[in-house]
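Chain by chain, the residues:
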Amino acid sequence: YNLYQSIPMASYFALLNLFGEFPLIDQHSLGGKFVGTLTAIVAVAVFALPVGIVGSGFETIIERQRVAKAKMEETKSATAV
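Residues numbered from 1 in each chain as written. Predicted model: local features only at pLDDT ≥ 70, side-chain atom pairs only at ≥ 80, totals over all residues. Heavy atoms only, no water.

Helix and strand counts for the chain come out as two helices and zero strands. Within the chain, buried positions represent 9% of all 81 residues. (Helix = DSSP H or I, 4+ residues; strand = E, 2+ residues; numbered from the N terminus. Buried < 20%, exposed > 50% of the residue type's maximum accessible area, 1.4 Å probe, protein only.)

What follows is the structure in structure tokens.
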């Protein structure tokens, strides 16, 4: 009835769903579950951290462009008057 006996087991089921291994869940030993969970966490960290850094860099560049554009428009309007 209740597939999730504990929070760590529910986390393991969620990770298997995320990576497409859910049909094989009954075939993993306790050691395999530990290694699989550790591998999944490291893989998410390896991909998520660089994406955040690159995204932050893009945001900084876009903000600089907006500020430069606003300054240009401000100087245009000041010289037109």
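With that settled, the discussion passes to the pattern of salt bridges. Scanning all chains against the criterion turns up one salt bridge. Residues Glu63 and Arg66 are paired through a salt bridge, measuring 4.0 Å at the closest nitrogen-oxygen approach. Taken together, the residues span about one helical turn, with Glu63 and Arg66 both in helix 2 (residues 30-80) at a distance of three residues. (Salt bridge = Lys/Arg side-chain N within 4 Å of Asp/Glu carboxyl O.)

Before going further, it helps to examine the packing of helix 1 (residues 7-19) against helix 2. Viewed as axis vectors pointing N to C, helix 1 and helix 2 meet at an angle of 60 degrees, and their least axial separation amounts to 10 Å. By the angle between their axes, helix 1 is oblique relative to helix 2. Seen along the crossing, helix 1 lies across helix 2 with a hand that is left-handed. Contact residues: helix 1 offers Met9, Tyr12, Leu15 and Phe19, while helix 2 offers Lys33, Thr37, Ala40 and Val44. A breakdown of the residues in the contact of helix 1 with helix 2 according to their chemical character gives six nonpolar, one polar and one charged. (Axes fitted to C-alpha atoms, helices over the stretch in contact; angles between N-to-C directions. Parallel < 35°, antiparallel > 145°, perpendicular 65-115°, else oblique. Left-handed = near helix turned anticlockwise from the far one by under 90°. Contact = heavy atoms within 4.5 Å. Nonpolar A, V, L, I, M, F, W, Y, C, P; charged D, E, K, R; others polar.)

Turning to helix 1, a few remarks are in order. Under the 1.5 Å per step criterion, the end-to-end length of helix 1 is 18 Å for 13 residues, consistent within 8% with the ideal 18 Å. Along helix 1, the residues that are buried comprise Tyr12, Phe13, Leu15 and Leu16. One face of helix 1 carries all of its buried residues, which in axial projection span an arc of 160 degrees. Of the residues in helix 1, the exposed ones pointing more than 90 degrees away from the buried face are Ile7 and Leu18. (Expected span 1.5 Å × (residues − 1). Arc of directions from axis to C-beta.)

The next thing to look at is a nonpolar patch on the surface. A surface patch of nonpolar side chains, amounting to about 630 Å² of accessible area, comprises Phe34, Val35, Leu38, Val42, Val46 and Phe47. Within the secondary structure layout, Val42 lies in helix 2. The class for Val42 is partly exposed, based on a relative accessible area of 45%. (Patch = residues over 30% accessible without salt bridge, like charges linked within 9 Å, V, L, I, M, F, W, Y side chains within 5 Å. Areas by Shrake-Rupley, 256 points an atom, 1.4 Å probe, with all protein chains shown as cover.)

A separate point is the environment of Thr79. Considering the arrangement of structural elements, one finds Thr79 in helix 2. A polar contact of 3.0 Å, which involves the side chain of Thr79, links it to the backbone oxygen of Lys76. (Polar contact = N/O pair within 3.5 Å; in protein donor to acceptor, adjacent residues only side chain to side chain.)

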